[in-house]
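Report on the structure
Now for the letters of each chain:
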Amino acid sequence: MHARALVFAATLAALSGLHPAAQAALFSDDEARKAILDLRGRVQLMQQETTQRLEELTRQVTEMGARLDQSARGQLELQSQLEALRQEVARLRGQLEVQSHELATAQRQLGDQLATVDTRIKKFEPVAAEVDGRSITVDQSEKRAFDAALQMFRAGDYRGALAAFQSFRSQYPDSPYLPGVLFWLGSSQFALKDYKGSIASQQALLARYPDNPRAPDALFNIGYAQAESGDRKAARATLEQVVAKYPDSQAAQRAREQIAGLPR
């Protein structure tokens, strides 16, 4: 197969094996490498065959030259054969040069494509992150979505944060960020005075992740939301539960302060 055709075939092969997250945009890393190795092998085989043929013709030329020196009989015929062989040698040498040039060109083109593959795939490779004191790996898009939502909350854009956390929860239902998503979702709802929604979000966190490091704060936030909504009796019971379950936590200290201000 001609080297340029091989380049095209290798490119099509690379396009057929894309990463699931970007099937229409990426070449396959493995397919591109296989293509360049296959191309290299094919052209090197052609070069080897051409070189062997060239060596054989050179040997024949040498032998004929010696025969011409030894005998004048059949000189014209031998000279004709010798000239034909010389032309064949020249043709093969030219073919070898063309093959070498096309191989170098094909390797350079596929190398450029492979570099593009590597660059694009890196956009989808998992990245290291720390969630609730644990080192994990997550998708880059997942980390960006959580960081963007949290940045909105910290900037005071509670409605934007609420929408972003709700979208994250739907898109990544099994994400390791989900305890934090529920916590900040409830915090956004509290800031918007949606106390019922805030309580529901924090309760979802406690129900699904009872041992999460945010559990004391989530329980405190429930009590605080109950107090703000006017249910002081439920608030006192919840805050006392914070003190009983997490006596040494900062949430317990805040709960004691809130309890002191609540009427009996």
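Residues numbered from 1 in each chain as written. Predicted model: local features only at pLDDT ≥ 70, side-chain atom pairs only at ≥ 80, totals over all residues. Heavy atoms only, no water.

1. Examining the nonpolar core
- Grouped together as the largest cluster of nonpolar side chains are 41 residues, with contacts concentrated most on Phe-146, Phe-165, Tyr-177, Val-181, Trp-184 and Val-242.
- Ranked by residue count, the leading element in this core is helix α8 (residues 215-228), at seven residues.
- What Trp-184 contacts, discounting residues up to four positions off in sequence, is Phe-146, Leu-150, Phe-153, Phe-165 and Arg-214.
- Of all hydrophobic cores here, the second largest spans eight residues; its members include Leu-54, Leu-57, Leu-85 and Leu-92. (Core = buried A, V, L, I, M, F, W, Y, C linked by side-chain atoms within 4.5 Å. Buried < 20%, exposed > 50% of the residue type's maximum accessible area, 1.4 Å probe, protein only. Helix = DSSP H or I, 4+ residues; strand = E, 2+ residues; numbered from the N terminus. Contact = heavy atoms within 4.5 Å.)

2. Structural notes on the pairing of strand β2 (residues 134-138)
- Judged from the five bridges that link them, strand β1 (residues 127-131) and β2 form a sheet pairing that is antiparallel. Among the inter-strand pairings, Ala-129 is bridged to a residue of β2, identified as Ile-136.
- From the end of β1 to the start of β2, which pair antiparallel, there are two residues, and Asp-132 there has a positive phi angle of about 50 degrees. (Pairing = 2+ DSSP bridges.)

3. A look at the side chain of Ser-201
- Examined against the element boundaries, Ser-201 turns out to sit in helix α7 (residues 195-208).
- Discounting chain neighbours no more than four positions away, the residues touching Ser-201 are Leu-182, Leu-185, Gly-186 and Gln-189.

4. Digging into the confidence of the model for the protein chain
- Chain-level statistics for the protein chain give a pLDDT mean of 80 and a share of 77% at 70 or above.
- When the elements of the protein chain are averaged for pLDDT, helix α1 (residues 3-15) gives the smallest value, 43, and helix α6 (residues 178-191) the largest, 98. (pLDDT = per-residue confidence, 0-100.)

5. Here we look at unusual backbone geometry
- If you check the backbone angles, Asp-132 has positive phi at about 50 degrees while not being a glycine.
- Take Asp-132: it is sitting in the loop between β1 and β2.
- Here Lys-193, not a glycine, exhibits a phi torsion of approximately 65 degrees, which is positive.
- Mapping Lys-193 onto the fold places it in the loop between α6 and α7.
- Judged by relative accessible area, which is 62%, Lys-193 ranks as exposed.

6. Some thoughts on the packing of aromatic side chains
- Considering all chains together, one arrives at 11 aromatic pairs under this definition.
- Here Phe-146 and Tyr-177 contribute two aromatic rings whose centre-to-centre distance is 4.4 Å and whose plane-to-plane angle is 20 degrees, an arrangement assigned as stacked. Highlighted residues: Phe-146 in helix α4 (residues 140-154) and Tyr-177 in the loop between α5 (158-171) and α6, separated in sequence by 31 residues.
- A residue is classified by how much of its surface remains accessible, and Phe-146, at 7% relative accessible area, is buried.
- Given the relative accessible area of 4%, Tyr-177 is considered buried.
- A connected cluster of aromatic rings, assembled from ring pairs, spans Phe-146, Phe-165, Phe-168, Tyr-172 and Tyr-177.
- It is Arg-214 that lies over the ring of Phe-183; its NZ or CZ is 5.4 Å from the centre.
- Across from the ring centre of Phe-220, 4.8 Å away, lies the NZ or CZ of Arg-254, which sits over that ring. (Phe/Tyr/Trp six-rings, centres within 6.5 Å; stacked < 30°, edge-to-face > 60°. Lys NZ or Arg CZ within 6 Å of the ring centre and 35° of its normal.)

7. Digging into the packing of α7 against α8
- Packing of α7 against α8 leaves a shortest axis separation of 9 Å and a crossing angle of 160 degrees. By the angle between their axes, α7 is roughly antiparallel relative to α8. Two packed elements cross with a definite hand, and for α7 against α8 that hand is left-handed. The residues of α8 that touch α7, namely those facing Tyr-195, Ser-198, Ile-199, Gln-202, Gln-203, Leu-205 and Leu-206, are Ala-215, Ala-218, Leu-219, Asn-221, Ile-222, Ala-225, Gln-226 and Glu-228. (Axes fitted to C-alpha atoms, helices over the stretch in contact; angles between N-to-C directions. Parallel < 35°, antiparallel > 145°, perpendicular 65-115°, else oblique. Left-handed = near helix turned anticlockwise from the far one by under 90°.)

8. A few points about the packing of helix α9 (residues 232-245) against helix α10 (residues 250-260)
- Packing of α9 against α10 brings their axes to within 8 Å, and their N-to-C directions diverge by 145 degrees. In this structure, α9 meets α10 at a crossing whose hand is left-handed. Facing α9, whose interface residues are Arg-236, Leu-239, Glu-240, Val-242 and Val-243, α10 presents Ala-251, Ala-252, Ala-255, Arg-256, Gln-258 and Ile-259.
- Partitioned by chemical class, the residues of the contact of α9 with α10 number seven nonpolar, one polar and three charged. (Nonpolar A, V, L, I, M, F, W, Y, C, P; charged D, E, K, R; others polar.)

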